[in-house]
Amino acid sequence: MNTTRIPVLQTCRTQHKNWASELTQSEADIDQLMALLAELPTDTYRSFNHQTSDYAQILSQLKTRIHDVLTDVVCQGQQCAPGEDTVVAASCPDPHFQQPATRNSLISNLSMEYNQIKDRCHAFLGELMRLNLI
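Residues numbered from 1 in each chain as written. Predicted model: local features only at pLDDT ≥ 70, side-chain atom pairs only at ≥ 80, totals over all residues. Heavy atoms only, no water.

Chemist: How should the overall build of the protein chain be read in this particular structure?
Modeler: Helices and strands together make up the secondary structure of the protein chain, namely 3 helices and 0 strands. If you list the helices and strands of the protein chain from N to C, you get α-α-α. Relative to its 134 residues, the protein chain shows a buried fraction of 31%. In the protein chain, the proportion of contacts linking residues at least 24 apart, taken out of those at least 6 apart, comes to 79%. Surface exposure of the protein chain reaches about 8400 Å², of which carbon and sulfur atoms provide 53%. (Helix = DSSP H or I, 4+ residues; strand = E, 2+ residues; numbered from the N terminus. Buried < 20%, exposed > 50% of the residue type's maximum accessible area, 1.4 Å probe, protein only. Contact = heavy atoms within 4.5 Å. Areas by Shrake-Rupley, 256 points an atom, 1.4 Å probe, with all protein chains shown as cover.)

Chemist: What is the right way to look at the pattern of salt bridges in this model?
Modeler: As a working rule, side chains carrying opposite charge can pair if their charged atoms are close by. The final tally for this structure, using the stated rule, is 3 salt bridges. With its nearest N and O atoms 2.5 Å apart, the salt bridge here joins Glu113 to Arg65. Of this pair, Glu113 sits in helix 3 (residues 101–130) while Arg65 sits in helix 2 (residues 46–72), and the two are 48 residues apart along the sequence. According to the relative accessible area criterion, Glu113 is partly exposed, its value standing at 24%. On the basis of relative accessibility, which here comes to 39%, the residue Arg65 falls in the partly exposed class. With a shortest N-O distance of 2.6 Å, Glu127 and Arg130 are connected by a salt bridge. (Salt bridge = Lys/Arg side-chain N within 4 Å of Asp/Glu carboxyl O.)

This is the structure:
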């Protein structure tokens, strides 16, 4: 009976640990992108300033959403301690460990959105570099 408990707990813990790591890394990457955008010269071209402002706002909103998901959906720290008597093989013991499809979908969609915005922002910064504006 103990052999079925350990793999389930490890799977749940591993999934949440992976989510936490991915979301935390996304937050750090957003901070770096926002710092790059903040360092861009503001007197170059007005159209670029508008895009820079738009990207900074989008990234800020995305970072807030990522932080909210990390706080509200991903189990971290002491709150992840399972109760020994509630362990069953079919599900995770702690509600934070449970992995409903909506949670997987939420994190997956957020990661996909982050990657799309990051790619667009990198393309924008690359274009500025190509034009020798930064």
